[in-house]
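Summary of the model geometry
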Amino acid sequence: MRILFAPMEGLTGYTFRNVHHRLYDGVSEYFTPFLAIRQTRKWKTREIKDIDPINNQGITVVPQLLTNNADDFIWAARNLAAMGYAEVNLNLGCPSATVVTKHKGAGFLEDPDALDIFFEKIFEELSDEISISVKTRLGFSHASEMTGLLRIFNRYPIKRLIVHPRVREDYYTGPIDLDAFQMVLENSVNPVVYNGEINSVEDYQEIIRDFPHLNEIMIGRGLICHPDLAERIFGINTDSEATQRFFTFHDSLLAEYLNDMQEPDNCLQKMKDLWNFLTCDFPDRARELKKIKKARSLDEYRLAVQFLQ
């Protein structure tokens, strides 16, 4: 079994990846937050830094692209191949309204014919240059859409089809459709990866019980909530110093953000955003967690975190 770290915009950039990889085992590959390709075909400075091989040394990283334009995808993939990347991932899963209204992310699933044309062009152009994987939902409004989408996916040599078993209309709530995922497993000619709602060892064990032939799973929120979740799954480093190691992770991340951003207020907001997920490991510490979220300066923030230890 291999565990892939799903991307989350604003949280899992290269700073987070490096600190996590340095302190925790079990993750085989990290996917970048999506790179949006603009008309100018120029990435933002933060995006350039995120994919710069210098900032990702010793880590297997897969850049994720967000576009519905085949020429733009080809341009970006070739640039990434020139940097040394062996794989790019197409985002067909983002449910954000600002993305979907542009017919990108999960919005692209609404137009299967256009998606087929898109695939035909990018695979024809790039088949000898770089591997292409896809991260998708079951459809836009109904899981039944996956039957037609899978016929399209099966026409192309997709390195791996990463499936989040919800439709766009579900966003990240509601039940996972495991029956639809089973249909994908049984009918996909390409390798299939499971993604969705693995937040504990028990969640992982249930998925493996239901789908014992899976070779890879992708975890996002679960690994942000519990940075050592991959270790727990594999039964490694399950020591009594897990809490101490968590705060080493926290302190290292804070130091790296300060060094990178050099703006205390930006760093403070970054850490507070992260605590929207890190609270999972502290279910009975509401009072201390509230102080973290209310901190107005880094000094207040550090003091609040100390109260939590």
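Up top is the structure these notes are about.
Let me sum up the structure you'll find in this document. Here the structure is a predicted model, which means the values were calculated and not measured. (Residues numbered from 1 in each chain as written. Predicted model: local features only at pLDDT ≥ 70, side-chain atom pairs only at ≥ 80, totals over all residues. Heavy atoms only, no water.)

With respect to the packing of aromatic side chains
Applied cut-off: Two aromatic rings, drawn from Phe, Tyr or Trp (for Trp, its six-membered ring), form a pair once their centres lie within 6.5 Å of each other, and the interplanar angle then sorts them: stacked below 30 degrees, edge-to-face above 60, tilted otherwise. Only protein chains enter the accessibility calculation, which uses a 1.4 Å probe; a residue whose area is less than 20% of its type maximum is buried, one above 50% is exposed, and one in between is partly exposed.
Counted under the stated rule, the structure contains 19 aromatic pairs. Taken together, a centroid distance of 5.1 Å and an interplanar angle of 80° make the contact between Phe246 and Phe247 edge-to-face. For the pair formed by Phe246 and Phe247, the shared burial category is buried. Each residue in the set Phe73, Phe108, Phe118, Phe119, Phe123, Phe153 and Tyr156 is aromatic and connected to the rest through ring pairs, giving one cluster.

Description of the packing of helix H1 (residues 14-23) against helix H11 (residues 242-261)
Two numbers describe a pair of packed helices, the interaxial angle and the distance between the axes. Using the following cut-off: Comment: axis = line fitted to C-alpha atoms, over the contacting stretch for helices; angle = value between 0 and 180 degrees taken between N-to-C directions. Secondary structure elements follow DSSP: runs of H or I of four or more residues count as helices, runs of E of two or more count as strands, with numbering from the N terminus. The hand of a helix crossing depends on one turn: near helix anticlockwise from the far one by less than a right angle means left-handed, and clockwise means right-handed. Should any heavy atoms of two residues lie within 4.5 Å, those residues are considered in contact. Residues are sorted three ways: Asp, Glu, Lys and Arg are charged, Ala, Val, Leu, Ile, Met, Phe, Trp, Tyr, Cys and Pro are nonpolar, and all the rest, Gly among them, are polar.
Two numbers describe how H1 lies on H11: the axes approach to 10 Å, and their chain directions differ by 145°. Pair H1 / H11 crosses with right-handed handedness. Contacts between H1 and H11 involve Tyr14, Thr15, Phe16, Val19, His20, Arg22 and Leu23 on the former and, on the latter, Arg245, Thr248, Phe249, Ser252, Leu253, Glu256, Tyr257 and Asp260. Of the residues that constitute the contact of H1 with H11, the class distribution is 7 nonpolar, 4 polar and 4 charged.

Topic: a nonpolar patch on the surface
How we decide: A patch consists of residues whose relative accessible area exceeds 30% and which take part in no salt bridge; residues with like charges are grouped when within 9 Å of each other, and nonpolar side chains (Val, Leu, Ile, Met, Phe, Trp, Tyr) when within 5 Å. Using a 1.4 Å probe, the Shrake-Rupley method yields the accessible areas, and only the shown protein chains count as cover for residues. Take a side-chain nitrogen of Lys or Arg and a carboxyl oxygen of Asp or Glu: if they are within 4 Å of each other, that pair is a salt bridge.
Residues Met1, Phe234 and Ile236 make up a contiguous nonpolar surface patch of roughly 220 Å² in combined accessible area. Counting through the fold element by element, Met1 comes out in the segment before strand S1 (2-5).

Comments concerning the environment of Arg46
The topology assignment puts Arg46 in helix H2 (residues 45-51). Note on Arg46: relative accessible area 48%, which makes it partly exposed. In sequence terms Arg46 and Asn154 are 108 residues apart; their C-alpha atoms lie 35 Å from each other.

Section: the sheet that holds strand S3 (residues 35-36)
Let me state the cut-off plainly: The pairing criterion for strands is at least two bridges between them, as found by DSSP.
The 10 strands are arranged S3-S5-S6-S7-S8-S9-S10-S1-S2-S4 in an open sheet whose pairing can be described as parallel. For this open sheet the edge positions go to S3 and strand S4 (61-62), each flanked by a neighbour on one side alone. Summarising the sheet, strand S9 (residues 192-195) and strand S10 (residues 216-219) pair through 2 bridges and their orientation is parallel. When the bridges of S10 are listed, Tyr194 appears paired with Ile217. Its contacts with the sheet put helix H7 (residues 178-187) on strand S8 (161-164) and S9, and the angle it makes with S9 is roughly 165°.

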